[in-house]
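Structure at a glance
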Amino acid sequence: MLEKTKNIARQILEEKKASAVFGLMRNEWNIIQPHLFEDPAGLANLVLEPKWLLAKLAMRILRSSPENYKLAVICRGCDERALIELIKRNQIEKENLLTIGIACSQEQAAICLCDRPYPEKLDAGEKVSGVDPFQDERVRKFLIGNDKERMKRWADMLKRCIKCYGCRNSCPICICEPCKLEDDVWVQRGVVPAETITFHLIRAFHLSDTCVACGACQEACPVNIPLLYLQLGMRKTLREKYGYEAGLDPETKSPVLSSAFEKPDTDREFPDWINSLREEDES
Amino acid sequence: MANISVFLCKCFGEIDNTINFDFLREELSKDPSVVLISIVDSLCLETDIEKTVSQIRESNSDKVLIAACSTLSRGNLVIESLIKEGVERHKIGLVDIREGCAWIHGDNPEDASKKAKDLINMGIAALQHKDMSDDMSVTVHPNALIIGAGPAGLAAAMSLARTGFKVNLLERSKVPGGMLKLISRCYPDNDDASNKLGPYLREVENNPLITFYPQSKITSVEGDTGNFTVHFSFQEKDSFIQAGVIIVATGAKIFFPTGLYGYGEIKNVINQMEFERQSLNGSLETKKPVFIQCVGARNRERPYCSTICCPISLKNASRIAEDIPGASVFILHRGIMTPGNTLEKYYRDTLSSGVQFIRFEEEQPPRIIGSDYVEAVEVYDAITGITRKIETDLVVLSTPLVPNNDNVQLAEMLDIEVDRYGFFSEIYPMHPLETKTDGIFICGSARWPVSSDHSILQGKAAAMKAVSYLRQSKIAASTLSRVPGLKSGHARVVPESCTGCGNCVAACPFDACHIEKLEGRYISIVNMMKCKACGSCVSVCPNGTMQIPEHNYRMVGEMIKMAF
Amino acid sequence: MNQPRILIFACKWCGFIGADAAGKKRISLPSRFRVIPMECASLVETDAILRALAGGIDGIAVLGCHIGGCRYNNANHTAIKRLELLQDLLDTTGIGSSRLLLSFGTAHEDYQFEEIIKNFFDELTLLPPLDPWL
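Anyway, here's the lowdown on the structure attached to this text. Everything numeric in this text was worked out from a predicted model, so none of it was measured.

Glancing now at the overall build of chain C. The number of helices and strands found in chain C is four helices and four strands. Secondary structure elements of chain C occur, N-terminal to C-terminal, as β-α-β-α-β-α-β-α. Computed over the C-alpha atoms, the radius of gyration of chain C is 14 Å, within 12% of the 14 Å expected from 2.2 N^0.38 for a compact globule of 134 residues. Seen through its principal axes, chain C has C-alpha atoms that stretch 40 × 35 × 20 Å.

The structure is reproduced here in structure tokens:
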């Protein structure tokens, strides 16, 4: 998979399809870091592991570059979805972005509770099937029980919060400047742990229809709050009720933003002959 | 912090049994921003308004809070009279302590007083942050544009021209008249269609205020309420017209029921329009016609009743029954629809003229017997349960009107709505003929299948609605409200903090927002002429950049904090 | 036990008119609710609801117009979808969606308003008090 990715990246650079390839590099001190590969020779140091979300960095690079600067990003499924969400939000120009999609391993998917561990545009690697987060033991253990038990579990978790804003800063889709979480009207300032209902739930709800379940918030959290679990219920609802999933297609807007109601025109049952007539009509 | 003067109204002693005004005064005096507390007997009386205004002038207060009855009672009157006296609207707050407090908690004066205190505190908090929207106005172009020269469009053109406005009348075909040109008689008065159309056609020809553009097709529409620019091709040349209002009277299309009951294959199976044509040119020869109703209507594909097909069949059936001696006329129907004040009599008259009615069920439609020529129609009578065979020499299919093919396209250009079938639609039933965009009206069968009489009626109504725009030289965005005086403002974007995410664009039900690239980044721009201040954009804006100043998030946040 | 506190966001075309009509009829209601009139249910920010819950308010009611009866070209449909999603989040965290009452199409009338408010009070009384820190 690595070799194939390198080849694709080299081809892109040589054919000047993009000004640079953005990926991970093992540097001379054997430390892995994000790197802009502008020279095909540098690609020898390209690595694909560990999982490192590049979407937000890619957005920053593109925003601070001249207009015709094209960037190819080596991305996993979640990264690609995040990039698509950023395109939807007008943060990235669609034509300035190329993606080199790589698939995640089964183990990685299990760690991330990822139900879609591959990008839509897959270039290297084998697609593995996703994990249903609600079948996962960790999630089930956390989300079962009645309201009271669940509230207690969440309270214990969220009381650890040190309000570092890591969840917000690491989120690839949190782009607002200023942010409502810094506004005294919504979130009390100077209080640690952060107010649960406002700080955490406002953050969670703002991402309700944009969360790509990358888990960056959770990984960034220094006190290990399972922040991704907050999103799971809403993601499930969106999928089941409206057939919508964030980050699959830059053209599909969130159903929560439109007034369209997915209701049948009429609940009347119609006899069969009408259909047979209609078929004749169409022919 | 603005200084606020608070006026508490006792409502003629109506509410001071419940609410303890001394307690309120005491509580309010603790608030440093309150500079004046005045307890008035009845704020809605003129004398007290005068007193109030002089008190406001004497005090050094910036804003006024009134605690009285609700806006729906006399609260609005108080606000209006204060505005008349020169107090700005956004500096007045109203708290409802009568309907919303005293009257519903009459049994619990202690709690009612506490609630009144909280409500007033909420009012003060809100007033501190209340701001005023920007406004803009547009110079109204004095001409009207009417799309479609059918009965509705012609009636609208005539009404507008006679009111003294210049009218541009666009028509797709070569001649005006629309569908009325194609038929012989109108229901329910059985008048000749040409008689009905005549005065309007003469008006178009002779009135210098009406300019008729045949063979034209709209290509694009620009501009907003009061000043639209419509580009169109006129006899294959590109042209444009400016207009203050647009009336859409494009009518509807006849549905050809190809494949149903052998239509298109069998010679003597025709639809109502061909029947009309044959009776216009005198080629109609029938003694035993059978009319079949609801062909292609009230089914899964078109689950609506077109409303005009039953009266049309009644008209044509009774005509044959009366004119041709010995004729036997059948109407096979799924329930005769004759709404309104004239059509029921029309139905009774048709019954007495000898026309026979047979009701069939949707599941068991009539069957055509004969392959090249229909000799009979077999129908299961749903009332008697008997299958009958009716000899016939002509089968007339009553088909519904269906929307024009380019309705969706035109609606997109004009920024108006179409309903689920494809007809143009209003956005709210209480404002008929008005569309999503102010200044664009719909009438006639473009809106919904209607008779020629109703088309004319709606055309005239739309014209009068248009006049209310045209007679103004300038329209302010703040007055563009369906209910006069009830527009609360316009959404406002803070360009510095807008991320350009486009949530507002997706959520706006009036397409008032759009994203523009300014200085290298995208920001949202609000079109005030379209904004109705519903707040859909406000609630989806992730960082509070989009606000309605009269109802901003700071106000709501502070009100929540003061609520208990 | 203390009576629950309720905050009502009422659309000024529907819910607010119902509340007003209840006042005009002098229907006796429990006192611990406050009405904030809104232009439309779609103006209700989810953040405001969460803010209110964090501020010690036990229940929020959003009263809007009938489906298909919105003055603002079905803006209330958007509101319903969004608020139902918020109910999901409240369920996930154990706050419970029953603390957010959505009533679209009722509360137009005084007696409906009365019924809704009284029922909501009864419902909330049964719930344990909400710890603003969870």
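This part takes up the pairing of strand β4 (residues 71-75) of chain A. Residue and element names in this part refer to chain A. Counting buried positions over the five residues of β4 gives five, a clear majority of the element. Covered by surrounding structure in β4 are Leu71, Val73 and Cys75 together with Ala72 and Ile74, the residues of both alternating faces. Of the pairings in the sheet, the one linking strand β1 (residues 20-26) to β4 comprises three bridges and is parallel in character. Paired with Val21 across the strands is Ala72, a residue of β4. Where β4 meets strand β5 (residues 97-101), five bridges bridge the pair, whose relative direction is parallel. In the sheet register, Val73 faces β5, and the bridge partner there is Thr99.

Residues and elements named next belong to chain B. Taken together, four strands build an open sheet; the order of strands is β2-β1-β3-β4 and the sheet is parallel. Both edges of this open sheet fall to β2 (34-40) and β4 (92-96), since each of them pairs with a single strand only. Across the sheet, the mean angle separating the axes of adjacent strands is 15 degrees when strand polarity is ignored. Running over the sheet, helix α1 (residues 21-29) touches β1 (4-9) and β2 and is turned about 170 degrees from β2. Its contacts with the sheet put helix α3 (residues 71-84) on β3 (63-68) and β4, and the angle it makes with β4 is roughly 160 degrees.

Residue and element names in this part refer to chain B. When we look at burial in α1, the residues that qualify are Phe21, Leu24 and Leu28. Taken around the axis of α1, the buried residues stretch over an arc of 55 degrees, which confines them to a single face. Exposed side of α1, more than 90 degrees from the buried face: Asp22, Glu26 and Ser29 are the residues found there. Capping the start of α1 is the job of one residue whose side-chain oxygen sits 3.1 Å from the backbone nitrogen of Asp22: Asn20.

It is worth spelling out the interface of chain A and chain B at this point. Counting residues at the interface gives 30 residues for chain A and 34 residues for chain B. Both faces combined, the contact of chain A with chain B buries some 3,000 Å², and carbon together with sulfur accounts for 53% of it. Joining chain A to chain B, the criterion identifies three salt bridges. With a shortest N-O distance of 3.3 Å, Lys517 of chain B and Glu67 of chain A are connected by a salt bridge. The interface formed by chain A and chain B contains nine residue pairs in polar contact (both at pLDDT 80 or more).

Glancing now at the environment of Gly489 of chain B. Residues and elements named next belong to chain B. With respect to the helices and strands, the residue Gly489 is situated in the loop between β28 (474-476) and β29 (492-493). By relative accessible area, Gly489 is classed as buried at 8%. For the pair Gly489 and Cys534, spaced 45 residues apart in the sequence, the C-alpha separation amounts to 9.2 Å. Excluding residues that lie within four positions of it along the chain, Gly489 makes contacts with Ser133, Ala533 and Glu550.

Next up on the list: the state of the cysteines. Scanning all chains against the criterion turns up one disulfide over all chains. Between the sulfur of Cys14 of chain C and that of Cys65 of chain C lies a disulfide, 2.3 Å long from S to S. Across the disulfide from Cys14 of chain C to Cys65 of chain C, rotation about the S-S bond amounts to roughly 110 degrees, and the bridge is consequently right-handed. Separated by 51 residues along the polypeptide, Cys14 of chain C in the loop between β1 (6-11) and α1 (15-24) and Cys65 of chain C in the loop between β3 (59-64) and α3 (75-92) bring together distant segments of the chain. The exposure class of Cys65 of chain C is buried, given its relative accessible area of 4%. As a non-bridged cysteine, Cys443 of chain B has Cys186 of chain B as the owner of its nearest cysteine sulfur, 17 Å distant. A relative accessible area of 1% places Cys443 of chain B in the buried class. Unpaired in terms of disulfides, Cys11 of chain C finds its nearest cysteine sulfur in Cys65 of chain C, a separation of 3.7 Å.

As a further point, take the sheet that holds strand β17 (residues 289-292) of chain B. All names here are of chain B. With parallel pairing, the five strands of this open sheet are ordered in space as β16-β23-β17-β18-β19. The sheet is open, and its two borders are formed by β16 (269-271) and β19 (356-359), each paired with just one other strand. Adjacent strand axes in the sheet meet at a mean angle of 25 degrees, parallel and antiparallel pairs treated alike. Contacts between helix α9 (residues 309-323) and the sheet are confined to β17, β18 (330-333) and β19, with β17 contributing the most and set at about 170 degrees to the helix.

Another aspect to go through is the nonpolar core. Formed by 169 residues in total, the largest nonpolar core has its most connected members in Ile97, Ile120 and Met546 of chain B together with Phe9 and Ile49 of chain C. If sequence neighbours within four positions are ignored, Met546 of chain B has contacts with Ala491, Arg492, Val493, Cys504, Cys513, Ser524, Val526, Cys537, Val538 and Cys541 of chain B.

Residue and element names in this part refer to chain C. Most of α1 sits inside the fold, with seven of its 10 residues counted as buried. Taken together, the buried positions of α1 are Gly15, Phe16, Gly18, Ala19, Asp20, Ala22 and Gly23. At the exit of α1 stands Arg26, carrying a positive phi of roughly 55 degrees.

All names here are of chain B. The full count for this structure, using the stated rule, is 18 aromatic pairs over all chains. Ring geometry for Tyr421 against Trp448: centres 6.1 Å apart, planes inclined by 45 degrees, an arrangement best described as tilted. One end of the pair, Tyr421, is in the loop between β25 (417-418) and β26 (424-425); the other, Trp448, is in the loop between β27 (440-442) and α12 (452-470), with 27 residues separating them in the sequence. Look at Trp448 and you get partly exposed, because its relative accessible area is 26%.

What counts, and at which threshold
- Residues numbered from 1 in each chain as written.
- Chains lettered and ligands numbered in written order.
- Predicted model: local features only at pLDDT ≥ 70, side-chain atom pairs only at ≥ 80, totals over all residues.
- Heavy atoms only, no water.
- Helix = DSSP H or I, 4+ residues; strand = E, 2+ residues; numbered from the N terminus.
- Rg over C-alpha atoms; globule rule 2.2 N^0.38 Å.
- Buried < 20%, exposed > 50% of the residue type's maximum accessible area, 1.4 Å probe, protein only.
- Pairing = 2+ DSSP bridges.
- Axes fitted to C-alpha atoms, helices over the stretch in contact; angles between N-to-C directions.
- Contact = heavy atoms within 4.5 Å.
- Arc of directions from axis to C-beta.
- Polar contact = N/O pair within 3.5 Å; in protein donor to acceptor, adjacent residues only side chain to side chain.
- Buried area = accessible area lost by both parts, 1.4 Å probe.
- Salt bridge = Lys/Arg side-chain N within 4 Å of Asp/Glu carboxyl O.
- Disulfide = S-S within 2.5 Å.
- Core = buried A, V, L, I, M, F, W, Y, C linked by side-chain atoms within 4.5 Å.
- Phe/Tyr/Trp six-rings, centres within 6.5 Å; stacked < 30°, edge-to-face > 60°.

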